[in-house]
Amino acid sequence: MAIRVLLGFRIPDEELGRLFEVYQQFVENVFSLPVDLPFSGYRRGIRARETLQKGLEKAIQEKLQNTQGKDYADALDILIESGKEHGKELTMQELKDGTLELIFAAYATTASASTSLIMQLLKHPRVLEKLREELRSKGILHNGCICEGSLRLDNIHGLQYLDCVIKEVLRLFTPISGGYRTVLQTFELDGFQIPKGWSVMYSIRDTHDTAPVFKDVDVFDPDRFGQGRSEDKDGRFHYLPFGGGVRTCLGKHLAKLFLKALAIELASTSRFELATRTFPRITLVPVVHPVDGLKVKFFGLDSNQNEILTGTDAMLGATV
């Protein structure tokens, strides 16, 4: 999604698979100690970054040479045009750096939230069943199948309980811990003066954990965002999974749409269960994710909600 939709690259599947393996090495070592020794995580991360940028340079050059057949401007198009509007055409190195940042922002955070969504649906079957009931009541799910033509944007945006589920996943398991801002004007906070020009970090996770508007903050409760309670409506900055202000996440609507489409697919066409005895331990760096992945078994369902078995009656196992 990040490569083809957000950036508009036309990379063959095989080459894309190789780039993804290298990208995984980059992500795994992006926060390594900056010690440049053979076989260190830092060295592996640098090598992965160099390999990625070679592949990205080739994709960027092909994109710049082939602009026909597109009826929309992707994020990279906007980045390039923005530079021209300000009288500064971006260099290839700047384009590669910007592209890699966009991929990291789009992939790592969405993959993290997707995994958290699946884990919470596994832990809370009542939430999953309530989600299925909403899909049936809105005419999206009928006799175990997604009704043809029902997955339109207006229909998806009208699924209020689904919206609550996604909001609660992002409240409890915000993919990134916080963000950085530059102080534009000297101000005072709790008796401390913060000078103009300083860099400050705000914590999304701590904000969600300590916000007084949320009741039982450690409990997964999508109904807290329902019309009867609307716990996020009191105050501007108690709930900010995508940051806040003019530099809020540009891809937040795309990310939420992706998560909603995934939830609808899972609730409508499959049954899934944990493939291990216990849920994995969660780590927070570089994004929220389960250590060694979340191992899940998926069963396809037919129109009567019966499991679809393969020729060997084997279940499809996957790690997310």
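Residues numbered from 1 in each chain as written. Predicted model: local features only at pLDDT ≥ 70, side-chain atom pairs only at ≥ 80, totals over all residues. Heavy atoms only, no water.

Caption draft 1: Quick peek at the environment of Ser203. Along the chain, Ser203 falls in strand E6 (residues 199-203). On the basis of relative accessibility, which here comes to 23%, the residue Ser203 falls in the partly exposed class. It is 25 Å that separates the C-alpha atoms of Ser203 and Lys260, two residues lying 57 residues apart in sequence. With near-sequence residues (within four places) excluded, Ser203 lies in contact with Ser177 and Gly178. (Helix = DSSP H or I, 4+ residues; strand = E, 2+ residues; numbered from the N terminus. Buried < 20%, exposed > 50% of the residue type's maximum accessible area, 1.4 Å probe, protein only. Contact = heavy atoms within 4.5 Å.)

Caption draft 2: Structural detail: the packing of aromatic side chains. In this structure the tally under the stated criterion is 7 aromatic pairs. Geometrically, the ring pair formed by Tyr23 and Tyr107 is edge-to-face, given 5.4 Å between the ring centres and 85 degrees between the ring planes. Residue Tyr23 is found in helix H2 (residues 13-28), and its partner Tyr107 is found in helix H5 (residues 92-123); the two are separated by 84 residues along the sequence. By relative accessible area, which is 4% here, Tyr23 ends up buried. Seen in terms of ring centroids, Phe272 and Phe298 are 5.9 Å apart; in terms of plane orientation they differ by 35 degrees. Their pairing is tilted. You can see Phe272 sitting in strand E7 (residues 270-274) and its partner Phe298 sitting in strand E10 (residues 295-301), a full 26 residues away along the chain. Just as Phe272 is buried, Phe298 falls in that class too. Ring pairing ties together the aromatic residues Phe20, Tyr23, Phe26 and Tyr107, which thus form one cluster. We note Lys123 situated over the ring of Phe279; from NZ or CZ to the ring centre the distance is 4.9 Å. Positioned above the aromatic ring of Phe299, the side-chain terminus of Arg271 is 4.0 Å from the ring centre. (Phe/Tyr/Trp six-rings, centres within 6.5 Å; stacked < 30°, edge-to-face > 60°. Lys NZ or Arg CZ within 6 Å of the ring centre and 35° of its normal.)

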